[in-house]
Structures are given as C-alpha cells and as structure tokens.
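Structure at a glance
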Amino acid sequence: MNSEYTRLFPVADLSPGQAKAVEIDGVDLLVCNAKGDFYAVQNMCTHQKAKLEGGRIRNCFISCPVHGVMFDLKTGVPKGTMTTIPLKTYDLRVVDEHLEVCVKDNTLA
Ligand code: FES
C-alpha cells in the first residue's frame, strides 16, 4: 500500500520559507516548506509557464518570480486574474524524518 511514494530528502534539509526542485519520473515538482508545513506542487507557473523555483513563500502561498501571481500551496489555486488555472498538487508525507511524494497528481478531472 502507498508504494507510489518516492523518498526525497530529510525534512531537516528544507527550512521554513525554502523550496527545492525535484524531478520524479519526468515530473518537475517544487517541494516547499511553508512555516513547517510541507507541500509539493508542479514547478511551472500556469500563467506563462515559468519555473516557480525561486518564488517567495509567504504563509501558505508561493509567488511566481516572473509576474508575481500567488498560488495557494494547499490547493494550487491562483489569486488574481492573470491566470485561473491551478497548479497541480501532490501528496507529501513524512516517514522516518524524510519527505516522500506521490507523483500521481491530485487534480480532479
Ligand atoms: S509567468 Fe508566472 S506570473 Fe507570469
């Protein structure tokens, strides 16, 4: 059960406010630490397909480094009107102090 999870790196390697890009099975992900809560989203802005890596994390949002659209890390939903397309989000879990991700995206439809 849950064999679809891939081990990433120790939880301690990602401080609050930091994000790390990882690629699993051809899927580019950004793993984020938002005040101690961890999230994994697609590492690609839905506005003009820029990498989200390097975007600022505040509370539960990451801002795209290009035009600043803010995405909710929990749901992937953007704020504002520049894009209405949500980011794909991925399940993360902590096992033995390591983050593990499931690359089956949570997007419905
Ligand atoms: S490319 Fe991300 S907000 Fe425009």
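Remember, predicted model here, so these are calculated numbers, not experimental data.

So, about the sheet that holds strand S9 (residues 98-102). Strand order in this open sheet of six strands is S1-S9-S8-S4-S3-S2, and the pairing throughout is antiparallel. Across the chains shown, the open sheet's two edge strands, defined by having one partner strand only, are strand S1 (5-10) and strand S2 (19-24). Looking at each pair of strands side by side, their axes are set apart by 30° on average, direction ignored. In this sheet, S9 lies alongside S1 in antiparallel orientation, the contact comprising four bridges. Counted as the bridge partner of Arg 7 is Glu 100 from S9.

Quick look at the UniProt feature "domain: Rieske" (unreviewed entry) in the protein chain now. As recorded in UniProt, the feature "domain: Rieske" (unreviewed entry) lies at residues 6-101. Secondary structure across residues 6-101 divides into 0% helix and 46% strand, with the first and last C-alpha atoms of the span separated by 5 Å.

Where strands meet in a sheet, backbone hydrogen bonds hold them as pairs that are either parallel or antiparallel. Pairing in this open sheet of three strands is antiparallel, and the strands run S5-S6-S7 from one edge to the other. Bordering the open sheet on either side are strand S5 (57-58) and strand S7 (70-72), each of which pairs with just one other strand.

Below, the discussion takes up the packing of aromatic side chains. Taken as a whole and judged by the stated rule, the model has zero aromatic pairs. A cation sits over an aromatic face here: Lys 20 above Phe 9, 4.8 Å from the ring centre. Sitting over the ring of Phe 61, Lys 79 keeps its end group 4.4 Å from the ring centre.

This brings us to the pairing of S9. Most of S9 sits out of view: four of its five residues are buried. In this sheet, S9 lies alongside strand S8 (residues 89-95) in antiparallel orientation, the contact comprising five bridges. In the sheet register, Leu 92 faces S9, and the bridge partner there is Val 101. Following S8, the chain reverses through two residues before pairing antiparallel with S9; Asp 96 in that reversal takes a positive phi of roughly 50°.

Rules and cut-offs
Residues numbered from 1 in each chain as written. Predicted model: local features only at pLDDT ≥ 70, side-chain atom pairs only at ≥ 80, totals over all residues. Heavy atoms only, no water. Pairing = 2+ DSSP bridges. Helix = DSSP H or I, 4+ residues; strand = E, 2+ residues; numbered from the N terminus. Axes fitted to C-alpha atoms, helices over the stretch in contact; angles between N-to-C directions. UniProt positions renumbered as here; feature names shortened; annotations may be inferred. Phe/Tyr/Trp six-rings, centres within 6.5 Å; stacked < 30°, edge-to-face > 60°. Lys NZ or Arg CZ within 6 Å of the ring centre and 35° of its normal. Buried < 20%, exposed > 50% of the residue type's maximum accessible area, 1.4 Å probe, protein only.

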